[in-house]
Each structure stands twice: as C-alpha cells, then as structure tokens.
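# Per-entry structural report
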Amino acid sequence: MIAKGHHFPGVALAAVVDADAGLSQPDFPREERTFQLLTQLAGRSGRDAPGRVLIQASSPTASGIRFAARHDVEGFLAAELERRRELDYPPFRHIVRIVALGPRAESGNAPAR
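Residue indices begin from 1 for each chain and proceed along its sequence in written order. Reporting of local features is limited, given that this is a predicted model, to residues whose pLDDT is at least 70; pairs of side-chain atoms are given and counted only at 80 or more, and all residues count toward the totals for whole chains, interfaces and linings. The basis for every side-chain value is the complete set of heavy atoms in the structure, and neither hydrogens nor water enter the calculation.

Below, the discussion takes up the pattern of salt bridges. Salt bridges, as used here, are contacts in which a Lys or Arg side-chain nitrogen is within 4 Å of a carboxyl oxygen on Asp or Glu. This structure, assessed with the given rule, holds seven salt bridges. A salt bridge links Glu80 to Arg83; its shortest N-O distance comes to 2.8 Å. One end of the pair, Glu80, and the other, Arg83, are both in helix α3 (residues 73-87), three residues apart, so they sit about a helical turn from each other. Type-normalised accessible area, obtained with a 1.4 Å probe on protein chains alone, sets the label of each residue: buried when under 20%, exposed when over 50%, and partly exposed for intermediate values. For Glu80, a relative accessible area of 5% translates into the label buried. Only DSSP runs of H or I reaching four residues or more are called helices, and only runs of E reaching two or more are called strands; each is numbered from the N terminus.

Shown next, in the form of structure tokens:
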C-alpha cells in the first residue's frame, strides 16, 4: 500500500476495491492484515477536513472488514484473540514451518525452474 506512513494533504475520499482479496491467503493472520491495511488507508482520508472511506468487498461480513468499517480496534482485537484461542493459533500456540528441498520431487520439494 503506497499510502502507508504518508500524509497527503487535502484527501477527503479514500476507496478500496476488492478489500477482501487478502482473505483468501492460507495464513492465520489474514484477518489482521486486512484490518490493518483498511484502517491505515482510512487514516489517509479526512485529516484536514471531514472525509469518507468507501470499501468494496465480496465478503463484507468478514471480521477484518466489518471492524475496520466501524474503526473498532478494541472489538477487532477481542474477536481475533478469541478466534485464535479457539483454533489454537498464536499467541496461544506456536506454529512451525518446515520446508524440505531436494533435487528430485521424491526427496522433497523440487526447486523452481
């Protein structure tokens, strides 16, 4: 996201298209990343005057989108921690990624060519 950490004076409207694209990623913090990006982008609009944020998504009821639309940080944190507790995800458990590489597919993952 190019807007992260920058201030653009006079921005009164921020828009996100396909806001839930990151939710299809196979990693447990996808809701958190979506929430962070949407919240960060929303902060670009309305710094100098009242502003608006438009979010387009196929899954508007997804946790990260729903809480970002209300700018509800505490609600998101509570819901996300509960989800992670139920699924035994960090910070309640450790996750380890093991990658095996080898010259042949039978001995591991064949290297990309």
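Bringing the nonpolar core into the picture now. The definition of a nonpolar core used throughout is a set of buried Ala, Val, Leu, Ile, Met, Phe, Trp, Tyr and Cys residues joined through side-chain atoms within 4.5 Å. Among the nonpolar cores identified, the biggest contains 13 residues, and Val16, Ala19, Phe35, Leu38 and Ile65 are the most heavily contacted of them. Sorting the residues of this core by element identifies β1 (13-16), α1 (30-42) and α2 (63-69) as the ones contributing at least two each. Val16 has contacts with Leu38, Leu41, Leu54, Ile55 and Gln56, leaving out every residue within four places of it along the chain. Pairs of residues are marked as contacts when any of their non-hydrogen atoms sit within 4.5 Å.

Attention now moves to the pairing of strand β2 (residues 52-55). Here β1 runs beside β2; their pairing, made up of four bridges, is parallel. By the bridge assignment, Val16 is partnered in β2 with Ile55. Handedness of the crossover joining β1 and β2 through α1: right-handed. Here a strand pair is declared whenever DSSP counts at least two bridges between the two strands. Note on handedness: a crossover is taken as right-handed if, strands pointing away from the viewer, the path from the first strand over the helix to the second is clockwise.

Attention shifts here to the packing of α1 against α3. Following both chains from N to C, one finds α1 and α3 inclined at 170°, their axes separated by 11 Å at the closest point. Considering their axes alone, α1 and α3 lie roughly antiparallel with respect to each other. Contact residues: α1 offers Glu31, Glu32 and Phe35, while α3 offers Val73, Phe76, Glu80, Arg83 and Arg84. Think of it as three bins: nonpolar holds Ala, Val, Leu, Ile, Met, Phe, Trp, Tyr, Cys and Pro, charged holds Asp, Glu, Lys and Arg, and polar takes everything else, Gly as well. Classifying every residue of the contact of α1 with α3 gives three nonpolar, no polar and five charged. The axes used here are C-alpha line fits, helices contributing only the stretch in contact, and every angle between their N-to-C directions lies in the interval 0 to 180 degrees. Under this scheme an angle from 65 to 115 degrees is roughly perpendicular, one under 35 degrees roughly parallel, and one over 145 degrees roughly antiparallel; angles in between are oblique.

Geometric descriptors of this kind do not, in isolation, establish any biological role.
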